[in-house]
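Letter by letter, the chains look like this.
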Amino acid sequence: MSKKGNFYIATPIYYVNDRPHLGHAYTTVSADVVARFHRMLGENVLFLTGTDEHGSKVEKKAEEVGKTPKELCDENSGHFQMLFDRLSISNDDFIRTTEDSHKESVKIFMSELYEKDSFYEDRYEGLYCTGCERFITEKELVEGKCPDHKTYPEKITEKNYFFKLKEYLPKVKELIARGELQVEPESRRKEVLGLLDNEVLDDFSVSRESVKWGIPLPFDDSQVIYVWVEALQFYISALGYGRDNEKFEQFWPVDVHVIGKDIIKFHAIYWPAMLLAAGLPLPKKIYAHGYFTINGDKMSKTIGNVIDTNDLIDSFGTDATRYLLLSQFPFGQDGDIKADKFIEQYNADLANGISNLLHRTLSMTEKYFNGITPTMAEEEHLSLLPGGVEALWNNYKNDLNELKVEKALSHVTMLVKVADGYIEQTKPWELAKEDQEKLANVMYTLLEFNRHISFMLYPFMPDTAEKMQTALGVQYEEHTSFDELIKWGTLERGTKIKKDEPLFMRREN
Ligand code: ME8
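Residues numbered from 1 in each chain as written. Predicted model: local features only at pLDDT ≥ 70, side-chain atom pairs only at ≥ 80, totals over all residues. Heavy atoms only, no water.

Draft legend 1. Main features of the site of the ligand. In the vicinity of the ligand there are 21 residues, among which I13, H24, T27, D52 and D262 approach most closely. Between H24 and the ligand, the recorded distance is 2.9 Å, taken from a side-chain N or O atom to an oxygen atom. When the ligand is considered free in solution it has 680 Å² of accessible area, and contact with the protein chains removes 93% of it. Those elements that provide at least two residues to the shell around the ligand are β1 (6-15), α1 (22-40) and α7 (227-232). (Near = heavy atom within 4 Å. Polar contact = N/O pair within 3.5 Å; in protein donor to acceptor, adjacent residues only side chain to side chain. Areas by Shrake-Rupley, 256 points an atom, 1.4 Å probe, with all protein chains shown as cover. Helix = DSSP H or I, 4+ residues; strand = E, 2+ residues; numbered from the N terminus.)

Draft legend 2. Quick look at the pairing of β1. Most of β1 is tucked away: 9 of the 10 residues are buried. Sheet analysis places β1 next to strand β2 (residues 44-52), joined by 8 bridges and oriented parallel. Opposite I13, over in β2, you have G50 as the bridge partner. On the question of chirality, the crossover connecting β1 to the parallel β2 by way of α1 is right-handed. Inspection of the sheet shows β1 paired to strand β12 (residues 256-260) by 2 bridges, in the parallel sense. Bridged to I9 within β12 is V256. (Buried < 20%, exposed > 50% of the residue type's maximum accessible area, 1.4 Å probe, protein only. Pairing = 2+ DSSP bridges. Right-handed = clockwise from strand over helix to strand, strands pointing away.)

Draft legend 3. Layout of the sheet that holds strand β16 (residues 335-337). With mixed pairing, 3 strands are arranged side by side in an open sheet as β15-β14-β16. The outermost strands of the open sheet, each flanked by one partner alone, are β15 (297-298) and β16. Where strand β14 (residues 292-294) lies against β16, 3 bridges are found, and the strand directions are parallel. Looking at the pairing, F292 lines up with G335 of β16.

Now the structure itself:
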C-alpha cells in the first residue's frame, strides 16, 4: 500500500493497581478499529497504549497485597499485555511508565517547564482521593465521600510545586472554541467549555511530598512528580521526546486521543496547558467516549456483575468479543451492554448473519460452478442498495473518520441483510434450472458482496476478514490502494474458492 502520511492514535495508559476490566478493553478495541482503518487507507499509523504504574494508588495496593510496587506493576501490566494480545490489538508499542526511557523524557519535559518559570512552590492543604488520583473539593463529596469511589478522601498538608494553569486557560479556551483543538463529541466540548467559562479551575500541584513511588522532580528530589502530570507525558515520551526527536517530529501532534469521559478534564485542559507552557503543538483531537452499564446496572464488584473480558473471549472467541463490545451503543454516548442478550445477538448477527451468508454463497458456487468464481455478463442493478456499494463505503469511511465506530459497523450488518435479501429475491436454485447467464451474474454479485463485507469487517474483526478473503480466494496485496479495493467488480473471475468450516457456529443459550 502506498503510504499517505502519518496518523498517530493513542489510548490512555491504564492503572495497574488491578487487572484490566471491560472498560479498558472497550477503549482499546475501539482505538484499534480506528488504527486498522487508517492502515487500510494506506497511512503510516502509530498506535500506542500502555500502563500507568506510579502513584499512591499502586503504592497502597502493593502494600495491601504484600508485594513491592514493581512486582505488582509487572504482574498487572503483564495481564494488560496478555489481554490486548488475545483481543488482537494491533498496537505498535506498549509503554510502561516505569521504563527508563519514559522517566528520562519526563525529566527533560519537567526541567523545560521549570526553566520557563511555569511552576511555583506552595503549601497545600486539601482532600485527596487515591481512587481518582486527584485532589477533590468539599463540594464534590457526597456524604463526605468521593462519589465515584465511595471512599473518604485523605486530608493532606504538604509542600508542593504548582503549575500556573490559570495563565494558559484563556488560550486553551480560545483554541477549543475555534475548533483548532477539537474536543469531541459535541457534548464533551460543551462540558469542557463550561468548565473553562465558569473559571472553576485552579493551578494544580505537579508534585507530591508524601508519595514515594514515582519519578523524582528533576529540580527537587524530595518530591515525586504527581502521577497524572507524569502519565500525560507518556504521549510524547513514547515518541522519544527530548531523547531522540526524529519520531517526535514525525508523529507529534497526535491525531487523536481516544479516552473515556472520566478523564476529559486532564486531556482537554491540563494536558494542552502543559504543552502550551512547553511551546509544543497541541493534540489535533480528543475524543471521549461514554461509560457503559451492564444489563442496566453500573459494573461493580459489589453488584457482582463485573464481566471478565478473558471469559468473554473464552466463550465467544476474539472477533465475536470485539463485535459484541462495539455494536452495543453509539460510541461517544453512555450506553448499556446487554450481556444477557450476547448469545442471541451472536446467533443473529454472526452465525446466522455473516457466517451463514458466506457459507451459502460458497456452497452455491461449489454446486453450480464447481467452486470457480463465474464470469459476470452484465452488472447487476441492485435495487436493494441505492447508490451501490460506493455510497455505502463513503458513509462507512465518513463514519470512521468521525469515530462513529458503532455506526460504521452497522453498515456491515446492513450489507449482510441486503445480500440475504438478494438471495431470496433472485432464488439462485431456480435460476440453476432455467437461466445460466443470470445465475452467473447473481453468484458473482453474491461473491462480490462477501468480498466487500470482508474488507468492511477488517478493522473490527481482522481474523474473520482474513478467513473470508482466503475462502473467496482474494489476495490482499500490500500495494492495493483503498480506492481500488472498494470498487465494485474487482473480484477476479475464474478464482477458485475454498470452502471451510463456517466462521461462526450457532450457540445454544
Ligand atoms: O484513568 N465504560 O486509568 P484507568 C467505558 N491511568 N470505559 C471505561 C469504563 C466504563 N465503565 N471504565 C473504565 C486512568 N473505562 C489513567 C489514565 S492517561 C495519560 C492516564 C476506560 O485505569 C476509559 O477509557 O482508570 C477510561 O478513561 C479508562 O478506562 C480509565 O482507566
